[in-house]
Every structure is written in C-alpha cells, then in structure tokens.
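# Structural description and commentary
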Amino acid sequence: KQEVTQIPAALSVPEGENLVLNCSFTDSAIYNLQWFRQDPGKGLTSLLLIQSSQREQTSGRLNASLDKSSGRSTLYIAASQPGDSATYLCAPQETSGSRLTFGEGTQLTVNP
Amino acid sequence: NAGVTQTPKFQVLKTGQSMTLQCAQDMNHEYMSWYRQDPGMGLRLIHYSVGAGITDQGEVPNGYNVSRSTTEDFPLRLLSAAPSQTSVYFCASRYTYLSTEAFFGQGTRLTVV
C-alpha cells in the first residue's frame, strides 16, 4: 500500500524567503505525482503535475522535482509571499490502479 | 467553464438519515472520484468511476453508494448516516484514469449528529 509522508508538517517563514517542501512515497511504481494547495475551508487547487518520465516541472515561482527511484519529490517556492500561505499536498498516482494517495500536507505560513 | 461543482456546501444530518451529495463536471472527464478528508488521516478514496456505467470501490467504501448514469454527474449517497461519516467530502475528476491532472470541487462539509 502506498504511503506518503510530507515534511515538515508546518512551516513559518518571513516574506521573501525561498523554501522547499518535501514529499516521500513508498511505492515508486507511479504514473505521475501532483502537487496541490488547499486554503482553509476550500477545495484543492492543482499546482503542478509531474509525469513519471519527467525530472521537474515549473510554473512561475514554483518548481517541483521528482526522483521516482528514491521515492521523493520536492516543491520549491521562490520569493515567498503572504498569499502563498496554505496547506500543500502531494499525491502520487499508482500504476496498479487509478487512485491518488495523499500525504497530510505541509501547512505553510508566510509572514509579512 | 465551471469545472467541478459540488452541492451542498454544508449539511447537517441526524443519525440514520440518508442524503445524496451531488457532483457535476463540465470538462467531459471520464474519471470521477469521491474522497473524504479527516484530521490526521488525509484524503481517502471512497468510490471512483472510470466512465458512465462503471464504478468501483476505493479505500473506505462502507456506508456509501455511487452510480454514474452520465459522464457529467457522479452522486454520492449516504444510506444511513452515522457520526463516523462526519467529514469534508471532495469530488474530483480527470480526463482519463491514466496519467492526467486531477481537478477538485470545493467540498461538502457534512456533520452527522
């Protein structure tokens, strides 16, 4: 059974810092890995999707990397802003089925 | 383009009552799924569908029924609500069950008293 761990569970940084969120998963047989953000009381918003054949994917100030063989992905946020405050979730999709497995997320607070 | 729409946003039920959580998408996605989100347990898959007329169980299916009569709609039915079903429910869709981006609705917060 796929298990996903996200470290740290919570992070508080001053505005402008560059930061890295970590995601590890136990089963490397995945189609892809998706990063989401979730604002309090809201749904999940897709940030980046990395296919299993890709090493990284970029969108604006966000860069996600994937090392499938070691079961790790990182989300890099450059020049953080207060509007980046949210919970960030990673979810690999297994090749053995269609499900996404979620970690519990990293709760990020960016202080002005 | 509305994306994935869930109704209602909030609901309070008494133990034993039944209800249906609605989910609709307008992106012509084949794959739709329901998750529940609970503190300390993350999001867990309840049921999913790879196309109209085809459904299957996820990780925590007990107490829930689904059907998929159209591509657009994937309702989740609670047959006899229990306090353990108090949770936030999310519907998600993607183009196929293979390697494509998933989109989520805004959630339904359900309380069973």
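What you see is a predicted model, and the numbers here were worked out from it, not measured in a lab. (Residues numbered from 1 in each chain as written. Chains lettered and ligands numbered in written order. Predicted model: local features only at pLDDT ≥ 70, side-chain atom pairs only at ≥ 80, totals over all residues. Heavy atoms only, no water.)

## Concerning unusual backbone geometry
Going by this rule: To qualify as a helix, a DSSP run of H or I must reach at least 4 residues; to qualify as a strand, a run of E must reach at least 2; elements of each kind are numbered from the N terminus.
Here the residue pair Ile7(A) and Pro8(A) is connected by a cis peptide bond, since its omega of -5° sits within 30 degrees of zero. Among the structural elements, Pro8(A) can be located in the loop between β1 (4-7) and β2 (10-14). The peptide bond linking Thr7(B) to Pro8(B) adopts the cis configuration, its omega dihedral lying at -5°. Within the chain, Ala79(A) stands out as a residue other than glycine whose phi angle is a positive 45°. Inspection of the secondary structure assignment puts Ala79(A) in the loop between β8 (72-77) and β9 (86-94). Positive phi outside glycine occurs at Asn28(B), with the angle close to 60°. Position of Asn28(B) relative to the elements: it lies in the loop between β3 (19-25) and β4 (31-38).

## Considerations on the pattern of salt bridges
The criterion, for reference: Any Lys or Arg side-chain nitrogen found within 4 Å of a carboxyl oxygen on Asp or Glu counts as a salt bridge. Classification of residues uses two cut-offs on accessible area relative to the type maximum, computed with a 1.4 Å probe and protein chains only: under 20% is buried, over 50% is exposed, and between them is partly exposed.
Taken as a whole and judged by the stated rule, the model has 5 salt bridges over all chains. One salt bridge in this structure joins Asp39(A) and Arg37(A), with 2.7 Å as the shortest N-O distance. Looking at Asp39(A), the relative accessible area reads 27%, which means it is partly exposed. Its salt-bridge partner being Arg36(B), residue Asp38(B) comes within 2.8 Å of it at the nearest N-O pair. In this structure, a network of salt bridges that share partners links the residues Arg36(B), Asp38(B) and Arg44(B).

## Let's talk about the interface of chain B and chain A
Counted only if it meets this: Contacts are residue-level and defined by heavy atoms, with any inter-residue pair within 4.5 Å sufficient. Summed over both partners, the accessible surface that disappears when two parts come together, traced with a 1.4 Å probe, is what is meant by buried area. Polar contact is defined as a pair of N or O atoms within 3.5 Å, subject to the rule that within protein one atom must be able to donate a hydrogen and the other to accept it, and that residues adjacent in sequence are counted only when both atoms are side-chain atoms.
With 23 residues of chain B at the contact, the number on the chain A side is 20 residues. Approximately 1700 Å² of surface area, both sides summed, lies buried where chain B meets chain A, with 49% of it carried by carbon and sulfur atoms. Taken together, the connections running from chain B to chain A amount to 1 salt bridge. Glu59(B) is the salt-bridge partner of Lys1(A), the closest N and O atoms lying 3.4 Å from each other. Where chain B touches chain A, the interface holds 5 residue pairs in polar contact (both at pLDDT 80 or more).

## Digging into the sheet that holds β8(A)
Paired through their backbone hydrogen bonds, the strands of a sheet run either parallel or antiparallel. Residue and element names in this part refer to chain A. Convention followed: In this description, strands pair whenever DSSP reports at least two bridges between them. Helix axes are fitted to C-alpha atoms over the stretch in contact, other axes to C-alpha atoms as well, and angles between N-to-C directions run from 0 to 180 degrees.
Spatially, β1-β3-β8-β7-β6 is the arrangement adopted by the 5 strands of the open sheet, whose pairing is antiparallel. Edge positions in the sheet fall to β1 and β6 (56-59), since each of these pairs with one other strand and no more. The sheet shows a mean angle of 15° between the axes of neighbouring strands, direction not considered. Of the strand pairs in this sheet, β6 and strand β7 (residues 62-67) are connected by 4 bridges, and their pairing is antiparallel. Paired with Glu56 across the bridge in β7 is Ser65.

Structural measurements only, silent on function.
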